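# Commentary on secondary and tertiary structure
The primary structure of each chain is shown beneath.
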Amino acid sequence: MYFGVLIFLVFMIGLIIYSAFDTNDVSVFEFRKTQSKSMSQENAIRSRMKEYTEKKVDYSKRYKIETLCMNAGFTDMTYADYLMLSLGSSLLFFFIFGVLLGNIVLGLFLAFVGYSLPKQVLNFIKNKRAVVLEQQIGPFMEMVIKRYENTSDFDKSLILTMEEFRGTEPMYGELRKTVSEIKVGVPTGEAMDNLARRTGNIYLSRLSDYYKIAYRLGTQEVREKLLTQAYLQFEENRRMKDFLKKEISEPVRDAYVMVATIPVFALFGVFTMDDYLAFMLFDPIGKIGLAVIVFVMIASVWFINTKIAAPLD
C-alpha cells in the first residue's frame, strides 16, 4: 500500500515536471482527459488506503485523528487522507534534505518529522480555532438557553440562534451543520454531540448531556435550570483560563525568543565566518551538527506548542 502511494506521488511529480517543460499546445479536451485520469487514480488509491486503514488500524486511533481533523475545521478529512498526507510529507522531506542536500542523517530525521508534521499543523490550527470558538461558544450557550426558556422548543431555539451568528465564523458554520442534521432526521441530542465533537468543547458536550436528561425528565423549570448549569460552568472555567493565560503569557514569549536565537546565531556564522555554510552542508561532522541543531529546534517548538502554549483545559 505504501509502495502504491509512492508510485502515485512519483507519477504526479513527473506529470508536473513534464507539463512545466512541455512547450507544445495542448487542447482543452486532452488536458481534461489527463486531469480526469489523474483524479481517477487518486480516488482509487484513496479508496484502497481507506479499506486498508479500516482493516488494520484500531478504531480508537482513527476516531482520535478524525476528531483532530474536525477540531481543525477539516470535517471531511478521513484517517486515510491524513495517512497519505503524512507519508507524502515524509517522502518530500527526505527527498529534499536527504537526496538533494546529500545529508542522509538529516534526511532520515526530517522524514520522521515530515510524517508527524501534518498532525502538528492540525494541532496548531485546532488551538487557534479553539481560541476563536471559545469567544463564541459562551454567547451561543446563553442565547440558545434564553430562547429555550421563551419557546420551550430547543430545535427552534437552535435555528434562531444560528441566524444570529450568520457571518460569525467558525461558529455559524458549525451551527449550520447541526441544524442541517436535525432537519434530515438526526436526533437533537446526537446532533449536539456531533457539534461538541467538531468544536472539541467539553461544555457543549455537557450542554448536550443536560439537554438529553432534561428532555426526558423534570418540569420545564427544571429543564431550564439544568441547561443553565452548563453555561455557568463554562463561564467559571473561562474566567479561570483568562487568569492563567495572563500568568503564562510571559514564559511562553520568552521560550519562543530563546528558540528564535538558534537560527539567528546560524545566520551570524554564515555572514561572519568563511566556509561556515560549506562545512555545515557538506562536511560529515557539519551534517551531523546540522541534524542535531534542527532536532533541538523542532523538539523545542513542539514542547512549547503542546505543553506550554496549548489551550488550557
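Refer to the structure printed above.
Residues numbered from 1 in each chain as written. Predicted model: local features only at pLDDT ≥ 70, side-chain atom pairs only at ≥ 80, totals over all residues. Heavy atoms only, no water.

### So, the overall build of the protein chain
- Across its full length, the protein chain carries twelve helices and zero strands.
- Here the protein chain holds 313 residues, and the buried ones make up 33% of them.
- For the protein chain, restricting intrachain contacts to residue pairs at least 6 apart in sequence, the fraction spanning at least 24 positions comes to 63%. (Helix = DSSP H or I, 4+ residues; strand = E, 2+ residues; numbered from the N terminus. Buried < 20%, exposed > 50% of the residue type's maximum accessible area, 1.4 Å probe, protein only. Contact = heavy atoms within 4.5 Å.)

### Topic: the packing of helix α3 (residues 59-71) against helix α5 (residues 104-151)
- The N-to-C vectors of α3 and α5 enclose an angle of 45°; their axes lie 8 Å apart at closest approach. Judged by the angle between their axes, α3 and α5 are oblique. Helix-helix and strand crossings are classified by hand; for α3 and α5 the assignment is left-handed. Within the contact between the two elements, α3 uses Ile 65, Leu 68, Cys 69, Met 70 and Asn 71 and α5 uses Lys 119, Leu 122, Asn 123, Lys 126 and Arg 129.
- For the contact of α3 with α5, a count of residues per class yields five nonpolar, two polar and three charged. (Axes fitted to C-alpha atoms, helices over the stretch in contact; angles between N-to-C directions. Parallel < 35°, antiparallel > 145°, perpendicular 65-115°, else oblique. Left-handed = near helix turned anticlockwise from the far one by under 90°. Nonpolar A, V, L, I, M, F, W, Y, C, P; charged D, E, K, R; others polar.)

### Comments concerning the pattern of salt bridges
- Inspection of every chain in the model, using the stated rule, returns eight salt bridges.
- The salt bridge partner of Glu 164 is Arg 147, with a shortest N-O separation of 3.2 Å. In this pair, Glu 164 is assigned in helix α6 (residues 154-164) and Arg 147 in helix α5, connecting sequence segments 17 residues apart.
- With its nearest N and O atoms 2.5 Å apart, the salt bridge here joins Arg 198 to Glu 174. (Salt bridge = Lys/Arg side-chain N within 4 Å of Asp/Glu carboxyl O.)

### Let's talk about the packing of aromatic side chains
- Considering all chains together, one arrives at seven aromatic pairs under this definition.
- Centre to centre, the rings of Tyr 148 and Phe 154 are 5.8 Å apart; their planes meet at 70°, and the pair counts as edge-to-face.
- These aromatic residues form a ring-pair network of at least three members: Tyr 148, Phe 154 and Tyr 211.
- Over the ring of Tyr 63 we find Arg 197; its NZ or CZ atom is 3.9 Å from the centre of that ring. (Phe/Tyr/Trp six-rings, centres within 6.5 Å; stacked < 30°, edge-to-face > 60°. Lys NZ or Arg CZ within 6 Å of the ring centre and 35° of its normal.)

Purely spatial values, then, with no claim about function.
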